[in-house]
Amino acid sequence: MSESEHSMSGKVCVVTGATSGIGEVTASRLAADGARTILVARSRDKGERISGAIRAKGGQAELVVADLASFADVRRAAAEIAAKCPRLDVLVNNAGAIFMERTTTADGLESTFAVNHLAPFLLTNLLLDRLKESASSRIVNVASRAHIRSGIDFDDLEGKKSYNGLKAYAQSKLCNVLFTYELARRLAGTRVTANCLHPGVITSGFGKNQPGFFNFAVRLVTPFLITPEKGARTSLYLSESKAVEGVTGKYFDADTREIRSSKISYDQAVQKRLWEISKTMTHL
């Protein structure tokens, strides 16, 4: 992006998962480029540290504490954001997790599916009115190239019959893409865009909370991964660049190029079915 494209003065941006990795870089950069940035984070201590560091550099940063594994927290966060922000220009759904062993949330749902897909689905829908009022505005969903290795099992979305952590993660990332495409279609004519991306494989804390071999494997390959600064490039491009103004319903790679996602991700029947199921599960 050229320097002229870096100005986000007067814009309001929300970034989830903003206390580490590409989320922290994305939030910090948006604030440095002039945006009023709302950091959504599970940890108050980390959130205050990051938002304080941004303000120390002259940026505008505020913290909303929310555990995205809880629908009650997601709803409270959306209400807090709507109350404090008369406009919303960019929503970056960045937060994500992987659980190698099957666990459930406070709502009784499988954690990977709930945190990676249902939480951003709910948060986005709860903030849609504010995004529409602020148009032209942008929704940026951080997916992953892992989605190409996945189908979607509507008979066992939560892995109750058979659970594999990597498969659950890949399916949740496919859900991110399916959600983006269906959302973009539903937003047609509103001047609100929705796009998704693969950020690259990042050297961050992602996956290091998991026990055993997976943790070891993540640490083993870390020296060969890209930095969070490089990983945040496409999130920032989709949030800021004039080159994608009006572009919607697309998938971008870690080099900011628009590319094709998996074949099943374009199936509109699958997109609509996932939307309706997600709506029911989140009590939207």
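What comes next concerns the included structure. Since the model is a prediction, treat every value here as computed from it, not as a measurement.

Counting its secondary structure elements, the protein contains nine helices and eight strands. Across the 284 residues that make up the protein, the buried fraction comes to 55%. In the protein, the share of contacts with a sequence separation of at least 24, taken over all contacts with a separation of at least 6, comes to 74%. Within the structure as shown, the protein displays about 12600 Å² of accessible surface, and the carbon and sulfur contribution to it stands at 51%.

The next subject is the pairing of strand β3 (residues 60–65). With six bridges connecting them, strand β2 (residues 36–41) and β3 associate as parallel partners. What sits directly across from Arg36, in β3, is Gln60. Traced from β2 through helix α2 (residues 44–56) to β3, the parallel crossover comes out right-handed.

So, on to the pattern of salt bridges. Taken as a whole and assessed by the stated rule, the structure comprises 17 salt bridges. The closest approach of N and O atoms between Lys84 and Glu62, which form a salt bridge, is 3.6 Å. Linking Lys84 in helix α3 (residues 71–84) with Glu62 in strand β3, this pair joins segments that are 22 residues apart in sequence. On the basis of relative accessibility, which here comes to 24%, the residue Lys84 falls in the partly exposed class. Judged by its relative accessible area of 23%, Glu62 is partly exposed. Between Arg76 and Glu80 there is a salt bridge, with its nearest N and O atoms 3.6 Å apart. One end of the pair, Arg76, and the other, Glu80, are both in helix α3, four residues apart, so they sit about a helical turn from each other. Judged by relative accessible area, which is 37%, Arg76 ranks as partly exposed. On the basis of relative accessible area, Glu80 is assigned to the partly exposed category, the value being 28%. One continuous salt-bridge network, built from bridges that share partners, spans Arg36, Glu62, Asp73, Arg76, Glu80 and Lys84.

Another aspect to go through is the packing of aromatic side chains. Within the structure shown, the criterion is met by five aromatic pairs. Their ring planes at 75° and their centres at 5.0 Å tell us that Phe121 and Trp275 sit as a pair that is edge-to-face. In this pair, Phe121 sits in helix α4 (residues 111–133) while Trp275 sits in helix α9 (residues 268–281), placing the two residues 154 residues apart along the sequence. By the burial criterion, Phe121 is buried, and Trp275 matches it. On the basis of an interplanar angle of 65° and a centroid distance of 6.3 Å, the ring pair of Tyr237 and Phe252 is categorised as edge-to-face. You can see Tyr237 sitting in helix α8 (residues 233–240) and its partner Phe252 sitting in strand β7 (residues 251–252), a full 15 residues away along the chain. Grouping aromatic residues by their ring pairs yields a cluster made of Phe121, Phe179 and Trp275. Above the face of the Tyr266 ring, Arg260 is positioned so that its terminal group lies 4.0 Å from the ring centre.

Cut-offs applied
Residues numbered from 1 in each chain as written. Predicted model: local features only at pLDDT ≥ 70, side-chain atom pairs only at ≥ 80, totals over all residues. Heavy atoms only, no water. Helix = DSSP H or I, 4+ residues; strand = E, 2+ residues; numbered from the N terminus. Buried < 20%, exposed > 50% of the residue type's maximum accessible area, 1.4 Å probe, protein only. Contact = heavy atoms within 4.5 Å. Areas by Shrake-Rupley, 256 points an atom, 1.4 Å probe, with all protein chains shown as cover. Pairing = 2+ DSSP bridges. Right-handed = clockwise from strand over helix to strand, strands pointing away. Salt bridge = Lys/Arg side-chain N within 4 Å of Asp/Glu carboxyl O. Phe/Tyr/Trp six-rings, centres within 6.5 Å; stacked < 30°, edge-to-face > 60°. Lys NZ or Arg CZ within 6 Å of the ring centre and 35° of its normal.

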